[in-house]
Amino acid sequence: MRVPALLPLLLLLAGPAWGAHMSVPALPGGTVIYKPVQSMRERHFSDLVEQKTDFSCGAAALATVLRQAYWLDVDEKTVIEGMLAHSDQDTVKVQGFSMLDMKKYVESIGMRARGYRIPADSLDKITIPVVVLMDIRGYKHFVVMQRVQRDWVYVGDPVLGHKRYTRQDFEKGWNGIIFAVIGQGYDKTNALLAPPLPLTAKGQLDQFKPVQDADLMDFGFIQSDFF
C-alpha cells in the first residue's frame with residue numbers, strides 16, 4: 001500500500017504476458033496442428049489485472065472490474081494516474097490509496113461508486129464483482145470479490161491471482177465493506193462471475209469415473225455373457 005519514491009519507473013515494470021501455441025503431430029505424413037496453451041501463471045491471472053508495484057493493489061483491482069465488467073480500456077497505470085490526479089499525494093505517499101480515492105476516480109470518468117457496509121450473512125446476495133479490503137497477515141490489501149458460492153468466496157487477487165477462501169477465513173480478514181462500481185454498459189455475463197476452479201490433482205482424477213451399466217445401456221450397448 002505504500003507509494004515508492006520512483007513512481008514513473010515502477011509504472012514501466014514488467015510487460016504483458018502472452019499465451020503460446022504448441023505444435024502437436026496430428027497425422028502420419030508430417031501434418032502438424034497448433035494448440036493454444038496457457039501457463040499456470042497465465043491461468044492464475046486470467047481476466048485479472050496484475051499488480052506491478054508495492055502499493056497499487058487498489059488500482060489493479062479497480063482496473064480489473066472496469067475492464068471485465070464494463071469493457072473499459074484501462075490498465076493499472078491509467079487508474080494510478082487518474083487516482084493521483086484526484087487525491088492528496090502527500091497522504092497517498094504515507095498511507096497508499098483509499099476507497100475514497102477510488103471513488104473520486106470512478107466519478108471522474110462519468111460513473112458512480114458506492115461503498116456499503118454489509119453483514120457477512122448477506123454476501124450471497126452480491127451478484128456483481130466488487131472491490132473489498134482484506135487484512136492478510138497484517139497487510140491491508142485490495143482484491144476483487146467475484147462471487148460467493150455455498151461455503152466458498154472466490155477472489156481475484158492482484159498479487160496471487162485467482163483464489164478461493166472458505167467463508168470463515170474470508171470473514172476473518174474482510175473489513176465488512178464492499179466497493180461497487182455502477183454505470184452504463186455493465187456486462188451481466190462478465191468473466192469475473194465465473195472464475196476458474198482451482199487446479200488440483202484430485203479435481204483431475206475425479207473426471208475419470210467408472211462407466212455404469214445403466215450409462216452403457218443408454219448408448220445402445222447390450223449386456224453379453226462372453227466373459
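It should be emphasised that the depicted structure is a prediction, and the values quoted were computed from it without experimental measurement. (Residues numbered from 1 in each chain as written. Predicted model: local features only at pLDDT ≥ 70, side-chain atom pairs only at ≥ 80, totals over all residues. Heavy atoms only, no water.)

Draft legend 1. Molecular detail of the confidence of the model for the chain. Mean pLDDT over the chain stands at 80; residues scoring 70 or higher make up 68%. The model gives residues 1-18 a pLDDT under 50, and that stretch makes 30 contacts with residues more than four places away or in other chains. (pLDDT = per-residue confidence, 0-100. Contact = heavy atoms within 4.5 Å.)

Draft legend 2. Representation of the sheet that holds strand β8 (residues 174-182) in the model. On the basis of which strands lie adjacent, the open sheet formed by six strands has the order β3-β8-β4-β5-β6-β7 and antiparallel pairing. Each having just a single partner strand, β3 (112-117) and β7 (161-166) make up the two edges of the open sheet. When strand polarity is set aside, the average angle formed by the axes of neighbouring strands in this sheet is 35°. Bridge count between strand β6 (residues 152-157) and β7: six bridges; the pairing is antiparallel. In the strand pairing of β7, Gly156 is matched with His162. (Pairing = 2+ DSSP bridges. Helix = DSSP H or I, 4+ residues; strand = E, 2+ residues; numbered from the N terminus. Axes fitted to C-alpha atoms, helices over the stretch in contact; angles between N-to-C directions.)

Draft legend 3. Structural view of the pattern of salt bridges. Going through the model one piece at a time under the given rule, you end up with six salt bridges. A salt bridge links Arg167 to Asp124; the nearest nitrogen and oxygen atoms lie 2.6 Å apart. Of this pair, Arg167 sits in helix α7 (residues 167-173) while Asp124 sits in the loop between β3 and β4 (130-136); the two residues are 43 residues apart in sequence, bridging distant segments of the chain. Exposure remark for Arg167: the relative accessible area of 15% places this residue in the buried category. Look at Asp124 and you get partly exposed, because its relative accessible area is 40%. The partner of Glu171 in a salt bridge is Arg167, with the nearest N and O atoms 3.8 Å apart. Pair noted here: Glu171 and Arg167 are both in helix α7, with a separation of four residues, about one helical turn. Take Glu171: its relative accessible area is 32%, and that puts it in the partly exposed class. (Salt bridge = Lys/Arg side-chain N within 4 Å of Asp/Glu carboxyl O. Buried < 20%, exposed > 50% of the residue type's maximum accessible area, 1.4 Å probe, protein only.)

Draft legend 4. Structural context of the nonpolar core. Formed by 33 residues in total, the largest nonpolar core has its most connected members in Leu62, Phe179 and Val181. Counting residues per element, the ones that place at least two in this core are α3 (57-70), α4 (76-84), α6 (99-108), β4, β5 (139-149) and β8. Those residues in contact with Phe179 that lie beyond four places of it in its chain are Leu62, Met99, Met102, Lys103, Val106, Ala113, Arg114, Val130 and Val131. Counting 16 residues, the second-largest nonpolar core is a separate cluster that includes Leu123, Met134, Val143 and Val153. (Core = buried A, V, L, I, M, F, W, Y, C linked by side-chain atoms within 4.5 Å.)

Draft legend 5. Up close: unusual backbone geometry. A positive phi angle is found at Arg137, which is not glycine, with a value near 55°. One non-glycine residue, Arg150, lies in positive phi territory at about 55°. Along the chain, Arg150 falls in the loop between β5 and β6. In this structure Arg150 comes out as exposed when scored by relative accessible area, which is 65%.

Draft legend 6. Spotlight on the packing of aromatic side chains. Summed over all chains, the structure comprises three aromatic pairs. Considering the side-chain rings of Tyr70 and Tyr186, the 5.6 Å spacing of their centres and the 55° angle between planes classify their relative orientation as tilted. You can see Tyr70 sitting in helix α3 and its partner Tyr186 sitting in the loop between β8 and α8 (201-205), a full 116 residues away along the chain. Of the residues examined, Tyr70 reaches a relative accessible area of 9% and is grouped as buried. For the cation-ring pair, Lys163 lies above Tyr165, with the distance from its terminal atom to the ring centre recorded as 5.6 Å. Arg164 extends its terminal NZ or CZ atom over the ring of Trp152, reaching a point 3.8 Å from the ring centre. (Phe/Tyr/Trp six-rings, centres within 6.5 Å; stacked < 30°, edge-to-face > 60°. Lys NZ or Arg CZ within 6 Å of the ring centre and 35° of its normal.)

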